[in-house]
Amino acid sequence: ILNVEQSPQSLHVQEGDSTNFTCSFPSSNFYALHWYRWETAKSPEALFVMTLNGDEKKKGRISATLNTKEGYSYLYIKGSQPEDSATYLCAFSVNRDDKIIFGKGTRLHILP
Amino acid sequence: EPEVTQTPSHQVTQMGQEVILRCVPISNHLYFYWYRQILGQKVEFLVSFYNNEISEKSEIFDDQFSVERPDGSNFTLKIRSTKLEDSAMYFCASSWRGGGFEQFFGPGTRLTVL
């Protein structure tokens, strides 16, 4: 069974602090790893798509790393801001299948 | 910036009724998808569609479900006879390339079956 696990489920972070959370996935037949940010009542927004082991991507204060051999990815947020409050979804695809398989997400709350 | 749109944002229906959920994908995209999220659970893949036919579907996507691209812009999901367990948020997505490439999601339609 192809399963994506994310931890923690929920996280409270003081504004200005940095934080990170984890996504783990099966490493066999890996094709791509996706991170999405999802704010309530909005579309899930694509943050990163990564395919290569050791890949590291950055978008402003948010960055992500990928380890395909051990099957994990980290998402980092530097200097959290209130607008970072959202659910962060990790998903992966295998064998160039069309579907992407999602984790349950990490719900991030930024405290003022 | 181009975006995927979905209508309606919320649909309430009686069990056994047919519903059609509508999506307008990003205009130059070629691959289209439906996903759903039952409250408290993971987002689950339902179906992908390319070149006017289904390219992949999950075991959830049984005979009660169908998809159609009736014109050059809309992509629809029909549920023929809704069940209580079909209550979920349904997301449409599109991409210009298949094979697990970056997919752009709409805001979802919340379907409530009574």
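Residues numbered from 1 in each chain as written. Chains lettered and ligands numbered in written order. Predicted model: local features only at pLDDT ≥ 70, side-chain atom pairs only at ≥ 80, totals over all residues. Heavy atoms only, no water.

**Describing the environment of Gln81 of chain A**
All names here are of chain A.
So, point 1. Topologically, Gln81 is positioned in the loop between β8 (72-77) and β9 (86-94).
So, point 2. Separated by 31 residues in the primary sequence, Gln81 and Met50 place their C-alpha atoms 25 Å from one another.
So, point 3. Apart from residues lying up to four places away in sequence, Gln81 is in contact with Glu15, Arg61 and Ile110.
So, point 4. At 3.2 Å, the side chain of Gln81 forms a polar contact with the backbone oxygen of Gly79. (Helix = DSSP H or I, 4+ residues; strand = E, 2+ residues; numbered from the N terminus. Contact = heavy atoms within 4.5 Å. Polar contact = N/O pair within 3.5 Å; in protein donor to acceptor, adjacent residues only side chain to side chain.)

**Quick word on the layout of surface pockets**
Remark: the empty space left among the atoms is shown by a probe the size of a water molecule rolled over them.
So, point 1. When its volume is computed, the largest pocket comes out at roughly 520 Å³.
So, point 2. Residue lining of the largest pocket: 19 residues in total, with Trp38 and Thr87 of chain A together with Gln37, Leu39 and Arg110 of chain B positioned closest to the centre.
So, point 3. Partitioned by chemical class, the residues of the lining of the largest pocket number six nonpolar, nine polar and four charged.
So, point 4. By volume, the second largest pocket is sized at about 410 Å³.
So, point 5. Lining the second largest pocket are 14 residues; nearest its centre among them are Leu2 and Ile101 of chain A together with Glu44, Phe45 and Ile60 of chain B.
So, point 6. The set of elements that each furnish at least two residues to the lining of the second largest pocket consists of β10 (101-102) of chain A together with β5 (43-50) of chain B. (1 Å grid on protein atoms, 1.4 Å probe; cavity = no way out; pocket = protein on both sides within 12 Å on 5 of 7 lines; lining within 4 Å. Points joined across faces, edges and corners; volume = space filled by probe spheres on them. Nonpolar A, V, L, I, M, F, W, Y, C, P; charged D, E, K, R; others polar.)

**Looking at the pairing of strand β4 (residues 31-37) of chain B**
All names here are of chain B.
So, point 1. Counting buried residues in β4 gives seven out of seven residues, a clear majority hidden from the surface.
So, point 2. Across the two faces of β4 the burial is the same, with Tyr31, Tyr33, Tyr35 and Gln37 and Phe32, Trp34 and Arg36 all buried.
So, point 3. Note: β4 against β5, seven bridges, orientation antiparallel. Following the sheet pairing, Phe32 is matched in β5 by Phe49.
So, point 4. Where β4 folds back onto β5 in an antiparallel hairpin, the turn is made up of five residues, including Gly40, whose phi is positive at roughly 85°.
So, point 5. Pairing geometry for β4 and strand β9 (residues 88-95), over seven bridges, is antiparallel. Pairing of Tyr33 across the sheet is with Ala93, part of β9. (Buried < 20%, exposed > 50% of the residue type's maximum accessible area, 1.4 Å probe, protein only. Pairing = 2+ DSSP bridges.)

**Quick notes on the pairing of strand β6 (residues 53-57) of chain B**
All names here are of chain B.
So, point 1. One ladder, built from four bridges, connects β5 with β6; its direction is antiparallel. Bridge pairing links Ser48 to Glu56 in β6.
So, point 2. In textbook terms, the turn of a hairpin is the stretch between consecutive antiparallel strands, and for β5 and β6 this stretch comprises two residues, one of which, Asn51, has a positive phi near 55°.

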